[in-house]
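Each chain, letter by letter, is given below.
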Amino acid sequence: MVGGANGRWVVETLYEKEGFTCAFRADKVLYEEETGQQHLVIFENGLFGRMMALDGITQVTERDEFIYHEMMTHVPILAHGNAKRVLIIGGGDGGILREVIRHRSVEHVTMVEIDPAVTDFCKKQLPQISAGAFDDPRLNLVFADGAKFVEDTDESYDVIIVDSTDPIGPGEVLFREEFYRAAHARLTPGGVIVTQNGVPFMQGDELKSTMEKFRRLFKVASCYLATIPTYVGGPMAMGWGTDDETLKAVPLEELEKRYAAAGLTTRYYTPEVHKAAFALPRYVETCVKV
Ligand code: SAM
């Protein structure tokens, strides 16, 4: 956070050591706290509305959150076609949860968030992100380390969505092979895991590292893309791991049927965008096929 003639600025710290940063003017700081897990700040910005940063890294903004939350949720659930049990790791702001519970086919959602402060303050200061989803009777909300949860639980899930921070601080364990291995064991046959895997143009090594591990654990290790303006540097990769080769190749007509049956109205996701998201530019393909 830096001060200046025209107010305070929240500086994006994700690429500081590489020599790049950007900043969002904090027209109004709504909440700021060292939660014990991480530094949390929620503030108003003229262009992106209410925003949250954890350890100086942009997590969610009111204006563009729909892109990430729709694509991290509807791609795996509509590709699966009959997802009844969903596990969310992280996701403290409630945006993924909001999109998951829109699927009537989903009977149970477990959400494992390490930092209750994130959920508490997002409910109060960014309520439009979760939009009441935390009150859904299908939710089992667990405050714990997601890596430990998947090691200890004997529950299984059709879709696992890892909506983590970046591999810094508490999020680091969610990029380790032992986490992916334990998560793989928690998938039902035909299940799929998707992971927040950063912006390949800026964080290509992270995607390479996840894909190497996924290739050792899953029959299919890939990713798909969506462009979120505040995750700077180009399209963001969503890691894709499954033992069911058919999930990535669901025909467009089938996706259209499932989308219509789900009765979703979306602002970014469409069945065509779903299919196209798996078409990878060469530089991303090289991260996947390391
Ligand atoms: N959409 C954001 C992104 O792409 O970076 C992620 C948003 S969400 C706020 C990330 C959440 O992961 C945070 O609430 C953070 O507390 C949580 N988290 C980090 N490490 C975790 C862990 N080991 N187990 C569970 N949750 C974790």
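Predicted model, so just to flag it, every value in this text is computed and none were measured.

### Notes on the domain arrangement of the protein chain
Okay, step 1: Here the protein chain is partitioned into domain 1 (8–61) and domain 2 (65–288).
Okay, step 2: Measuring from the centre of the C-alpha atoms in domain 1 to the corresponding centre in domain 2 gives 23 Å.
Okay, step 3: Between domain 1 and domain 2, the contact holds 23 residues from the first and 24 residues from the second.
Okay, step 4: Together domain 1 and domain 2 conceal approximately 2100 Å² of surface at their shared face, both sides included; 67% is due to carbon and sulfur atoms.
Okay, step 5: Inspection of the domain 1/domain 2 interface yields six residue pairs in polar contact (both at pLDDT 80 or more).
Okay, step 6: Partitioned by chemical class, the residues of the side of domain 1 that touches domain 2 number 15 nonpolar, six polar and two charged.

### Looking at the site of the ligand
Okay, step 1: Taken together, 27 residues sit near the ligand, with Gln38, Glu113, Gly146, Pro170 and Tyr231 positioned nearest.
Okay, step 2: The contact in question runs from a nitrogen atom of the ligand to an N or O atom on the side chain of aspartate 145, over 3.1 Å.
Okay, step 3: At a separation of 3.3 Å, a nitrogen atom of the ligand approaches a polar side-chain atom of aspartate 163.
Okay, step 4: Elements that contribute at least two residues to the shell around the ligand include exactly β5 (49–54) and β8 (108–113).
Okay, step 5: Broken down by class, the residue content of the shell around the ligand amounts to twelve nonpolar, ten polar and five charged.
Okay, step 6: Each of domain 1 (8–61) and domain 2 (65–288) gives at least three residues to the shell around the ligand.

### Some details on the packing of aromatic side chains
Okay, step 1: Within this structure, the stated rule accounts for twelve aromatic pairs.
Okay, step 2: Measuring from ring centre to ring centre gives 6.2 Å for tyrosine 15 and phenylalanine 20, while their planes differ by 55°; the resulting arrangement is tilted.
Okay, step 3: Note on tyrosine 15: relative accessible area 5%, which makes it buried.
Okay, step 4: Relative to tyrosine 180, the ring of phenylalanine 179 has its centre 5.8 Å away and its plane inclined at 50°; by these criteria the two rings are tilted. The same class applies to phenylalanine 179 as to tyrosine 180, namely buried.
Okay, step 5: By way of ring pairs, the aromatic residues Phe179, Tyr180, Phe214 and Phe218 are connected into one cluster.

### Considering the sheet that holds strand β10 (residues 157–163)
Okay, step 1: Across the sheet, which stays open at both edges, the seven strands sit in the order β9-β8-β7-β10-β11-β13-β12 with mixed pairing between neighbours. Lying at the two open borders of the sheet, with one neighbouring strand each, are β9 (139–143) and β12 (220–226). Across the sheet, the mean angle from the axis of one strand to that of its neighbour is 15°, orientation sign disregarded.
Okay, step 2: As paired elements, β10 and strand β11 (residues 187–196) share five bridges and run parallel to each other. In the sheet register, tyrosine 157 faces β11, and the bridge partner there is leucine 187.
Okay, step 3: Docked against the sheet, helix α1 (residues 65–80) engages β7 (85–90), β10, β11, β12 and β13 (236–242), running at close to 160° with respect to β10.

### Examining the packing of helix α6 (residues 177–185) against helix α7 (residues 200–217)
Okay, step 1: For the pair α6 and α7, interaxial distance at closest approach is 10 Å and the crossing angle is 40°. Accordingly, the angle class assigned to the pair α6 and α7 is oblique. Read as a crossing pair, α6 and α7 show a hand that is right-handed. Contacts between α6 and α7 involve Glu177, Tyr180, Arg181 and His184 from the former and Thr210, Lys213, Phe214, Arg216 and Leu217 from the latter.
Okay, step 2: Here the residues of the contact of α6 with α7 sort into three nonpolar, two polar and four charged.

### Considering the pattern of salt bridges
Okay, step 1: Throughout the structure, instances matching the rule amount to 18 salt bridges.
Okay, step 2: Aspartate 27 is the salt-bridge partner of arginine 25, the closest N and O atoms lying 2.4 Å from each other.
Okay, step 3: With a relative accessible area of 30%, arginine 25 lands in the partly exposed category.
Okay, step 4: Judged by relative accessible area, aspartate 27 falls into the partly exposed class, the value being 41%.
Okay, step 5: With a closest N to O distance of 3.8 Å, glutamate 285 and lysine 289 form a salt bridge.
Okay, step 6: What you see here is one network of salt bridges that share partners, running through Glu65, Arg98, Glu99 and Arg102.

Parameters at a glance
- Residues numbered from 1 in each chain as written.
- Predicted model: local features only at pLDDT ≥ 70, side-chain atom pairs only at ≥ 80, totals over all residues.
- Heavy atoms only, no water.
- Domains from an automatic or database assignment.
- Contact = heavy atoms within 4.5 Å.
- Buried area = accessible area lost by both parts, 1.4 Å probe.
- Polar contact = N/O pair within 3.5 Å; in protein donor to acceptor, adjacent residues only side chain to side chain.
- Nonpolar A, V, L, I, M, F, W, Y, C, P; charged D, E, K, R; others polar.
- Near = heavy atom within 4 Å.
- Helix = DSSP H or I, 4+ residues; strand = E, 2+ residues; numbered from the N terminus.
- Phe/Tyr/Trp six-rings, centres within 6.5 Å; stacked < 30°, edge-to-face > 60°.
- Buried < 20%, exposed > 50% of the residue type's maximum accessible area, 1.4 Å probe, protein only.
- Pairing = 2+ DSSP bridges.
- Axes fitted to C-alpha atoms, helices over the stretch in contact; angles between N-to-C directions.
- Parallel < 35°, antiparallel > 145°, perpendicular 65-115°, else oblique.
- Left-handed = near helix turned anticlockwise from the far one by under 90°.
- Salt bridge = Lys/Arg side-chain N within 4 Å of Asp/Glu carboxyl O.

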